[in-house]
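Working through the structure, step by step
Spelled out, the chains give:
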Amino acid sequence: MGGIIIKSERDMEGMRAACRLAALTLYESAKLIEPGITTDDINTFVHDFTVARGAVPAPLNYRGYPKSVCTSVNEVICHGIPGPRVLKDGDIINVDVTSILDGWHGDVSATFYVGTPSETARRLVEVTRECLRRGIAAVNPRARLGDIGAVIASHAESHGFSVVRDFVGHGIGRSFHEAPQVLHFGKPGRGQRLQKGMTFTIEPMINEGDWRSLVLDDNWTAVTADGRLSAQFEHTIAVTATGAEILTAFPGPLLHSEVFP
């Protein structure tokens, strides 16, 4: 299995608890999203909400990352560092939460609309959301990792968008990043065969324009090479006997993403 850690049912209970907390944290942080807040406001909320529940925000100090959450606005693909940036009407923002609870990691993200999005932004975000849904639907013990990437890329490219190749999903458990890598492009029938008890993230990053990325001088923030928009959605899933369990399922629709006030 190439270093892949198969989780026992006891392990799965720990994973479910950590993932429920991550999902709840993102669900509650969605209520902050509006023009005029800063990305650091989101970071403060996520940090305090996580710590108050006896958990640790996994990004904080991970390989030197300085904050408790990733906030990626507009052309930022992933790993955007919270700071004084003020959100403006028409922005889109991905908020990426990872919680450590009792030694287990839960990882989830979503892209939100700030105010009223452009038609292009709306199309990109909704296609990306559907890419994640299709990727999860491809998971079962008879499938291979390539099947996930193939359905994601097919849907994105059919709408004229591109799939980021430099950043991928990953196994997760007691470590933030485990085997296997989960590419969001590929060929059906190729790659590692899935097995019950595997846990990993599917987190397609879809670009409005070219798929290529650049990493800024902070060594974290990844942006589109052409400066156009990028969107991302992510869930932590477990392979079951018949399909996939979404461990980071939300307790309700996400404000400013799935529903609007």
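What comes next concerns the included structure. Remember, predicted model here, so these are calculated numbers, not experimental data.

Helix and strand counts for the protein come out as four helices and 15 strands. Seen along its three principal axes, the alpha-carbon backbone of the protein occupies a region of about 45 × 45 × 35 Å. Among the 261 residues that make up the protein, the fraction classed as buried is 54%. In the protein, 71% of the contacts between residues at least 6 apart in sequence involve partners at least 24 apart. A total accessible area of about 10,700 Å² is found for the protein, and carbon and sulfur atoms account for 52% of it. Between the mean site of the 25 positive side-chain charges and the mean site of the 30 negative ones, the protein shows a separation of 8 Å.

With 51 residues, the main nonpolar core has I93, V95, F112, I148, L194, F200 and I202 as its most contacted residues. For this core, the element with the highest residue contribution is helix 3 (residues 119-137), accounting for seven residues. Grouped together as the second largest cluster of nonpolar side chains are 12 residues, M12, M15, C19 and L21 included.

Another point: helix 2 (residues 39-52). Taking 1.5 Å of rise per residue, 14 residues should cover 20 Å, and helix 2 covers 20 Å from first to last C-alpha, within 8% of that figure. For helix 2, the elements touching its buried residues are helix 1 (9-29), strand 1 (56-57), strand 2 (70-73) and strand 4 (92-101). Note on helix 2: the residue one or two positions beyond its end, G54, has a positive phi of about 75 degrees.

A few words now on the sheet that holds strand 13 (residues 230-232). With antiparallel pairing, three strands are arranged side by side in an open sheet as 6-10-13. Strands at the two margins of the open sheet, each flanked by one partner only, are strand 6 (162-163) and strand 13. Examined bridge by bridge, strand 10 (residues 205-207) and strand 13 share three bridges and lie antiparallel to one another. Paired with M205 across the two strands is Q232, which belongs to strand 13. The sheet contacts of helix 3 involve strand 10 and strand 13, and relative to strand 13 the element is tilted by about 35 degrees.

Rules behind the numbers
- Residues numbered from 1 in each chain as written.
- Predicted model: local features only at pLDDT ≥ 70, side-chain atom pairs only at ≥ 80, totals over all residues.
- Heavy atoms only, no water.
- Helix = DSSP H or I, 4+ residues; strand = E, 2+ residues; numbered from the N terminus.
- Buried < 20%, exposed > 50% of the residue type's maximum accessible area, 1.4 Å probe, protein only.
- Contact = heavy atoms within 4.5 Å.
- Areas by Shrake-Rupley, 256 points an atom, 1.4 Å probe, with all protein chains shown as cover.
- Lys, Arg positive; Asp, Glu negative; His and termini not counted.
- Charge placed at Lys NZ, Arg CZ, Asp CG, Glu CD.
- Core = buried A, V, L, I, M, F, W, Y, C linked by side-chain atoms within 4.5 Å.
- Expected span 1.5 Å × (residues − 1).
- Pairing = 2+ DSSP bridges.
- Axes fitted to C-alpha atoms, helices over the stretch in contact; angles between N-to-C directions.

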